[in-house]
Structures are given as C-alpha cells and as structure tokens.
Amino acid sequence: EELNDKNFSHNYHVGKVEESILVHRLTAQKSLIIDDTISVLDYDSAEKSLYIGDVQQNAKKNNYRYYQKPVTNMINDYNKVLSFLFSKGNKELQDHYEADRRAVDNHEERPELIKTVIMKATSIWNSLLPHRKIDLTGNGVPVYNNDIRYLGQDMSDGERVILYMICQALLLPTHSVLIVDEPELHIHKTVVNELWTALEQERTDCIFMYITHDIDFALSRENAEMYWIKSYNGTGWDYEKVDADNLGDLPNELLFEIA
C-alpha cells in the first residue's frame, strides 16, 4: 500500500504502478460502531473521506486515515463507508434518471434498469443471511428478523462485519487492490467462504489479497497465488511464494499446517 498508492503519502514513488490505482487496506483493528444517523456527503467528498480520511485537497491517507501509524492505528470508518454507500447509490440513480430523460427527449431507446450498489449490497446480505432482511432504502441500516426490527448499532459483531465487508468491496473503484487482514473476523465459518466468493464474483475487476490464519479459508480461494509469511521482526517481513506445483504429492492441507 505504501509503495503503490499515490494517496498514501507525499513520499509516493511515482512510476511504480498506474497513477489511477487504489490500494485499499481493511485492517483487523477496526471499530464496528454505527451511529444512529448517517450524514450523507456529496459523492466526491464521501469517496475521499473514506479512502483518504479527510476531504482536504492535499490530504494523504498516512496522515488522515492512519494518523501516521499505518500498522497499529485503530480504523474508525464505518460511518464513512455507509455515507459513501448512500452517496454512490443516489448518484447512480440520478445518473440513470438523466440518461433516461435524455433518451425520452431525443426519442431514443431508453436505457435498461440498473442495479445500484445499494441493491447489490442488499442482495448479497439477504443471500447470506436469509432470515435477517436488511433495509438500505433510507439513510440507515435497520434489519428485520421476522417481526423484530433492530438498528445497525444493535447488530451482532458478525452482522456488522458482513455489512462492512460487502460495502467496502462493492464501493471500490475499478481495477483496485483490496487488502483484507483477517477476512474471517467475527464471521461464522458457514458464511465466511460464501461472503468472499460472492464479493470476488461481483468484483472480478479488482484484486483481493487476504492475510489470514484460517487454513480452511486460504484453501477455499480458487486460482489464488499463496505466500508463506515466515516471520516479522517489528520492522520487516520475511516471506516467500508457495509453489505447490513443485512439492510432489504433499497435500495443500499439510503444507499449510506446516507453514
């Protein structure tokens, strides 16, 4: 992230990657607090607030998202995620309306109905948790369990993490890199694989990088490059790529147990 995202700091090494790439990291140390009401910013401000941490013109994420502690800082961006979700959903509807109006005025074929980011998030949530329906039609995140209605702040940790991850993945710009530390955090094993498979299928234009201690989860990722992190001394990492093709008949399960 530090070497390959120009928004990280003023020390960005120009020429490492394409100028437009976003490397977005979801740390394991994060707050899951959801406010009673969500303030929805304009699209550009909401996007910058989420990915950089502030809307100032020259703001960099190392200062405003990580407070110069990118390894250990506790991320508190849930309300920013929801603000951008609603802002992007509103923008998609407005853009579609304008395109439809122009088609009518010009006697052209009207565009097909769209599926907004809010509709996609709702669909994925309801497929994973069919007995708990979420309502994202307003600027809030109430959940319905049969006749019982409860707000986002009253969700379980697992429910809040699921919604958080869904939104983060769906909101990514095209051709982004999403680094997920502990993708299984607070999520039941019966759901975690389905969640990330659904998000990978929805965002085939992005790269997902997982840092995990869960062997079963690591083995569940298809067509993945795998790396073994040997050690970390506080300042640097020792790691190597795992080349399963040259390990004879050793099963992946055993390989990961050893690693």
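Residues numbered from 1 in each chain as written. Predicted model: local features only at pLDDT ≥ 70, side-chain atom pairs only at ≥ 80, totals over all residues. Heavy atoms only, no water.

A. Looking closely at the packing of aromatic side chains. Evaluated as defined, the whole model comprises ten aromatic pairs. An angle of 65 degrees between the planes, with centres 5.2 Å apart, marks the rings of Tyr78 and Tyr164 as edge-to-face. Taken together, the residues span a long stretch of sequence, with Tyr78 in helix H3 (residues 78–105) and Tyr164 in helix H5 (residues 157–171) at a distance of 86 residues. Residue classification places Tyr164 among the buried positions, given a relative accessible area of 1%. A ring pair is formed by Trp196 and Phe208, whose centres lie 6.3 Å apart and whose planes are at 75 degrees; its orientation type is edge-to-face. Of this pair, Trp196 sits in helix H6 (residues 189–202) while Phe208 is found in strand S6 (residues 207–211), placing the two residues twelve residues apart along the sequence. Taking relative accessible area as the criterion, Phe208 reaches 15% and is therefore assigned buried. Through a chain of ring-to-ring contacts, the aromatic side chains of Trp196, Phe208, Tyr210 and Phe217 assemble into a single cluster. The ring of Tyr43 carries the charged tip of Lys91 above its face, separated from the ring centre by 5.2 Å. (Phe/Tyr/Trp six-rings, centres within 6.5 Å; stacked < 30°, edge-to-face > 60°. Helix = DSSP H or I, 4+ residues; strand = E, 2+ residues; numbered from the N terminus. Buried < 20%, exposed > 50% of the residue type's maximum accessible area, 1.4 Å probe, protein only. Lys NZ or Arg CZ within 6 Å of the ring centre and 35° of its normal.)

B. Region of the structure containing helix H4 (residues 117–128). Here H4 contains twelve residues, and its C-alpha end-to-end distance of 17 Å stays within 8% of the 16 Å for a straight helix at 1.5 Å per residue. Among all positions in H4, only Val117, Ile118, Ala121, Thr122, Ile124, Trp125, Asn126 and Leu128 are buried. The elements touched by buried residues of H4 are H3, strand S2 (133–134), strand S3 (143–145), H5 and H6. (Expected span 1.5 Å × (residues − 1). Contact = heavy atoms within 4.5 Å.)

C. A look at the pattern of salt bridges. Counted under the stated rule, the structure contains 16 salt bridges. Here Glu202 ties to Lys120 by a salt bridge, and the two come within 3.6 Å at their closest N and O atoms. Within this pair, whereas Glu202 is found in helix H6, its partner Lys120 is found in helix H4, the two being separated by 82 residues in sequence. Residue class for Glu202 comes out partly exposed when judged on its relative accessible area of 33%. Owing to a relative accessible area of 26%, Lys120 belongs among the partly exposed residues under this scheme. (Salt bridge = Lys/Arg side-chain N within 4 Å of Asp/Glu carboxyl O.)

D. Focus on H5. The terminal C-alpha atoms of H5 lie 21 Å apart, and with 15 residues this matches the ideal 21 Å at 1.5 Å per residue to within 8%. With 14 of 15 residues buried, H5 is to be regarded as a mostly interior element.

E. Local environment of the sheet that holds strand S5 (residues 177–181). Across the sheet, which stays open at both edges, the three strands sit in the order S1-S5-S6 with parallel pairing between neighbours. Edge positions in the sheet fall to strand S1 (23–26) and S6, since each has one partner strand and no second. Pairs of neighbouring strands in the sheet enclose a mean axial angle of 15 degrees, with direction left out of account. As paired strands, S1 and S5 are joined by four bridges and run parallel to one another. Counterpart to His24 in the pairing with S5 is Leu178. Across the sheet, H5 is in contact with S1, S5 and S6; its angle to S1 comes to roughly 175 degrees. In the packing of H6 onto the sheet, contacts are made with S5 and S6, and the angle to S6 comes to roughly 155 degrees. (Pairing = 2+ DSSP bridges. Axes fitted to C-alpha atoms, helices over the stretch in contact; angles between N-to-C directions.)

F. Structural view of the sheet that holds strand S4 (residues 148–150). Strand order in the open sheet formed by three strands is S2-S3-S4, and the pairing between neighbours is antiparallel. If you trace the sheet from one side to the other, it starts and ends with S2 and S4, each paired once. Here two bridges tie S2 to S3, and the two strands are oriented antiparallel to one another. Bridge assignment links Ile134 to a residue of S3, and that residue is Val143.

G. Layout of unusual backbone geometry. One non-glycine residue with positive phi stands out, namely His107, at about 55 degrees. Within the secondary structure, His107 sits in the loop between H3 and H4. In this structure, Asn146 takes a positive phi of about 60 degrees despite not being glycine. In this structure, Asn146 sits in the loop between S3 and S4. Looking at Asn146, the relative accessible area reads 70%, which means it is exposed.

H. Spatial organisation of the nonpolar core. By size, the foremost hydrophobic cluster in this structure holds 53 residues, and its most contacted members are Leu82, Ile166 and Trp196. Within the residue set of this core, elements represented by two or more residues are helix H1 (43–51), H3, H4, H5, S5, H6 and S6. The greatest single-element share of this core, amounting to ten residues, is contributed by H5. Excluding residues that lie within four positions of it along the chain, Leu82 makes contacts with Ile34, Ile38, Val141, Leu163 and Cys167. (Core = buried A, V, L, I, M, F, W, Y, C linked by side-chain atoms within 4.5 Å.)

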